[in-house]
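# Structural overview
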Amino acid sequence: MEKILTLLTASVIFAFLAGCGSTAQQGQLERFIEAHVAKVGPLTTESNLVYWQAATTGKAEYYDKYSKLQLRIRRLYCDAQDFAFIKEIKESGRIKNARLNRQLDKLYYAYMRNQVEPELLEEIVSLDSEIQEQYSSFRGTVDGEKVTMSDIYIILTTEKDCRKRELAWKASKQVGNAIAGDLIRLVKLRNKAAQEIGFDNYHTLSIIAGEQSVKELDHIFGELCESTTEPFVRLKNELDIILADSYGITVEDLMPWHYHDPFFQRTPLVYEQDLDEYYKNQDVKELAEEFYAGVGLPVDDILARSDLYDREGKYPHAFSHDIDRRGDVRILCNLQNTERWMETILHELGHAIYSKYHDHNEPWLLREPAHSFTTEAIAMFFGRLSRNAAWMQVMLDLSDEERREIEGVSEKYLRFQQVLFVRWALVMYNFEKQLYADPDRDLNDLWWELVEKYQFIKSPPGPVDAGWASKLHFTSAPCYYHNYMLGELLASQLHHYIIHKVFKLESGRDISYVDEKKLGDYLRKKVFGQGALYHWNDMIERATGEPLTPRYFIKQFVQ
Ligand SMILES: [Zn+2]
């Protein structure tokens, strides 16, 4: 043995030792992951189940239990020794196995963002869950009468009486005033935690831990702002005339409550045709079920476990929930037979099938979407169909004439909706960035400054309140909103690729996607199956031939 060693050159010895070290480290890492997943896996499933109970009942005891479980999970990720171990392995660059490396990345960022004093962490988690509970059970009032968000949407989309609109809009903001103080306290606690880890603030930390960069995001949002200003002004001027006319007021008198959504993040249904007309005698749940089965991505098992209709105390919006990374996937909705809920159920089921079709042979840590925005992209890809004339014709059994009628209008809706969403996302992204950079500034003024700048909506007369805080995302999904925008960009990129490369068509004009099994095959193979095995931009490049780009979104909706 000795003799052989002396014959070896220095470089060979080095290579040998490096290889050996790498194998040893690989073994250590594998054992670490095994022990980690044995702890975190069951806790995650339990916590997901309790959250489901909380959201479906609104009961404080479940929110309480959920908050405790979240804390236990986060405590695992707080362990400084574990983090030191992971950091050392990551920085050594010795793990050559790609699958193991991705798990290492996942662990690294999950641990990094949790390197916070336990007391501070506990404070953050319990305040967060307290605000969410308040939010979920809060009901605004109109003339002293309690109203649900569904009631408010009905008033904002149908009422002609401006006073009633104003009251309903204000009712939608009351929850913001009720929780704003706590929310700002939470923002400061989150910042304190981020600073402990060495970041300027929580916003910066979140972006980096999400494997993204502020510079890159600023660049994308800058490009989107520039390309949408002119088309948005044109579309909005046209809308303002129609809206003012419908209320019998002048364009100058238009106030935030005259738009059909509390935040003007959705297109008002005001053109010559109301898409709700097409859905009111349909069953949106059945339509969604039939459609997904037709593209080879059946959702009957998901729907059977889901909670679909409005109830007192229940969480008022919608989400999709992967309970156990083994196929127990559910959605929560508050369905009505309207276009809005058609979109929502298609959207949430989009998230759900992404989770359902992860390859269960992949390791637990990788059995999730490549990124939160890649699952948004799939959800949006399907959600867009609720306004797509070709899709509506097949699904709703419409005549060619009806389809043409819709086409003239719905194309405008889609285009307007997307341009409008860019402007809204610009408000959210920039507000949140500044919220974390300086939570002590006058945030109510900042909010309206940005709304006027990007959405061209005047602030209401008199002192402004903290209505912005009624946007739940500030509490429950902080520093996340930009991902919805990236999701739209990717949805367009996938659509373009599928039309041209998978279906080999010249244009997407007539594509309804109905009964196209090739769509399901492509998504399962190129997007869903591998889960988080690749960095999100690698996954996108493998699936579409190039990294994420705003080009196809701009081409589809803006130009
Ligand atoms: Zn979503």
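These lines cover the structure that appears in this document, whether it is placed above or below. (Residues numbered from 1 in each chain as written. Predicted model: local features only at pLDDT ≥ 70, side-chain atom pairs only at ≥ 80, totals over all residues. Heavy atoms only, no water.)

### Focus: the environment of R415
To be explicit about the condition: We count a stretch as a helix when DSSP gives it H or I for four or more residues in a row; a strand needs E for two or more, and each element gets its number in order from the N terminus.
In this fold, R415 is placed in helix α17 (residues 400-437). C-alpha separation for the pair R415 and D310, spaced 105 residues apart in sequence, amounts to 30 Å.

### Some points on the coordination of the zinc ion
Just so we agree on the cut-off: Listed donors are limited to N, O and S atoms within 2.8 Å of the metal, widened to 3.2 Å for Na, K and Ca; water is not among them, so incomplete-looking sites are possible. Angular criteria define each label, namely tetrahedral for four donors with all angles between 85 and 135 degrees, square planar for four and octahedral for six donors with opposite donors over 155 degrees apart and remaining angles between 65 and 115, and irregular for whatever fails these tests. Note on exposure labels: buried denotes an accessible area under 20% of the residue type's maximum, exposed denotes more than 50%, and partly exposed covers the range between, all computed with a 1.4 Å probe on protein chains only.
With distances of 2.1 to 2.7 Å, the protein atoms coordinating the zinc ion are H347 (NE2), H351 (NE2), E376 (OE) and E376 (OE). Every donor counted, the 4 donor atoms about the zinc ion form angles of 50 to 144 degrees at the centre, which fits irregular coordination. In terms of primary sequence, the donors binding the zinc ion are separated according to H-x3-H-x24-E. Pair noted here: H347 and H351 are both in helix α14 (residues 339-356), with a separation of 4 residues, about one helical turn. No difference in accessibility class separates H347 from H351, as the two residues are buried.

### Side note on the packing of aromatic side chains
Rules: Pairs were defined over the aromatic rings of Phe, Tyr and Trp, the Trp ring being its six-membered one, requiring ring centres within 6.5 Å. Orientation was assigned from the angle between planes: stacked under 30 degrees, edge-to-face over 60, tilted for the rest. Two thresholds decide whether a charge sits over a ring: the Lys NZ or Arg CZ must be within 6 Å of the ring centre and within 35 degrees of the ring normal.
Tallying each qualifying case throughout the model produces 39 aromatic pairs. Here Y51 and F319 contribute two aromatic rings whose centre-to-centre distance is 5.6 Å and whose plane-to-plane angle is 50 degrees, an arrangement assigned as tilted. Placement of the pair is Y51 in helix α2 (residues 10-57) and F319 in strand β3 (residues 319-322), with a sequence separation of 268 residues. Like F319, Y51 is buried. For the pair F431 and W468, a centre-to-centre distance of 5.0 Å together with 55 degrees between the ring planes defines the contact as tilted. Of this pair, F431 sits in helix α17 while W468 sits in the loop between α18 (443-455) and α19 (473-476), and the two are 37 residues apart along the sequence. Joined through ring pairs, the aromatic side chains of F263, F421, W424, F431, W447, W468, F474, Y480, Y481 and Y484 make up one cluster. The aromatic ring of Y108 is capped on one face by K90, whose charged end is 5.3 Å from the ring centroid. One Lys or Arg, R340, reaches over the ring of Y153 and ends 4.1 Å from the middle of that ring.

### Quick look at empty space enclosed by the protein
Operational definition: Here a cavity denotes grid points, spaced 1 Å and computed from the protein atoms alone, that fit a 1.4 Å probe unable to get out, and a pocket denotes an open set having protein on both sides within 12 Å along at least 5 of 7 lines; residues with an atom within 4 Å of a point are the lining. Grid points are joined across faces, edges and corners, and a volume is the space filled by probe spheres set on the points.
Overall, the coordinates contain 4 cavities of 30 Å³ or more when judged by the stated rule. Reported here for the second largest cavity is a volume of approximately 100 Å³. As for the second largest cavity, its lining consists of 14 residues, and the residues nearest its centre are P262, F263, W448, V451 and Q455. Those elements giving two or more residues to the lining of the second largest cavity turn out to be α8 (162-197) and α18. Per-element tally for the lining of the second largest cavity: the top contributor is α18, with 4 residues.

### Structural notes on the pattern of salt bridges
We apply this condition: Salt bridges are identified by distance alone: a Lys or Arg side-chain nitrogen within 4 Å of an Asp or Glu carboxyl oxygen.
By the definition in use, this model includes 32 salt bridges. Note that D182 and R185 form a salt bridge whose closest N and O atoms lie 3.4 Å from each other. Residue D182 and its partner R185 are both found in helix α8; the two are separated by 3 residues, about one turn of the helix. The exposure class assigned to R185 is partly exposed, which follows from its relative accessible area of 42%. Two residues, D510 and R403, come together in a salt bridge whose shortest N-O distance is 3.0 Å.

### Details of α18
Where we set the bar: Helix span, as expected, comes to 1.5 Å for every residue beyond the first. Contact definition: two residues touch when any of their heavy atoms are within 4.5 Å. Counted as a polar contact is a pair of N or O atoms within 3.5 Å, where, for protein atoms, one must be capable of donating a hydrogen and the other of accepting one, and residues adjacent in sequence contribute only when both atoms are in side chains.
Between its first and last C-alpha atoms α18 spans 17 Å; for 13 residues at 1.5 Å apiece the expected length is 18 Å, and the two agree. Three or more residues of α18 are buried, namely L443, N444, L446, W447, W448, L450, V451, Y454 and Q455. Of the surrounding secondary structure, the elements contacted by the buried residues of α18 are α8, α10 (214-247), α17 and α19. Regarding α18, its N-cap is D442, as a side-chain oxygen of that residue lies 3.2 Å from the backbone nitrogen of N444 further along. In the stretch just after α18, F456 is the one whose phi turns positive, near 55 degrees.

### Quick notes on unusual backbone geometry
You will see that D397, though not glycine, has its phi angle at about 60 degrees, which is positive. Its location among the elements puts D397 in the loop between α16 (389-396) and α17. Taking relative accessible area as the criterion, D397 reaches 69% and is therefore assigned exposed. Notably, Y513 is not glycine yet its phi reads approximately 70 degrees, a positive angle. By the element assignment, Y513 lies in the loop between α20 (482-502) and α21 (517-528). For Y513, a relative accessible area of 3% gives the class buried.

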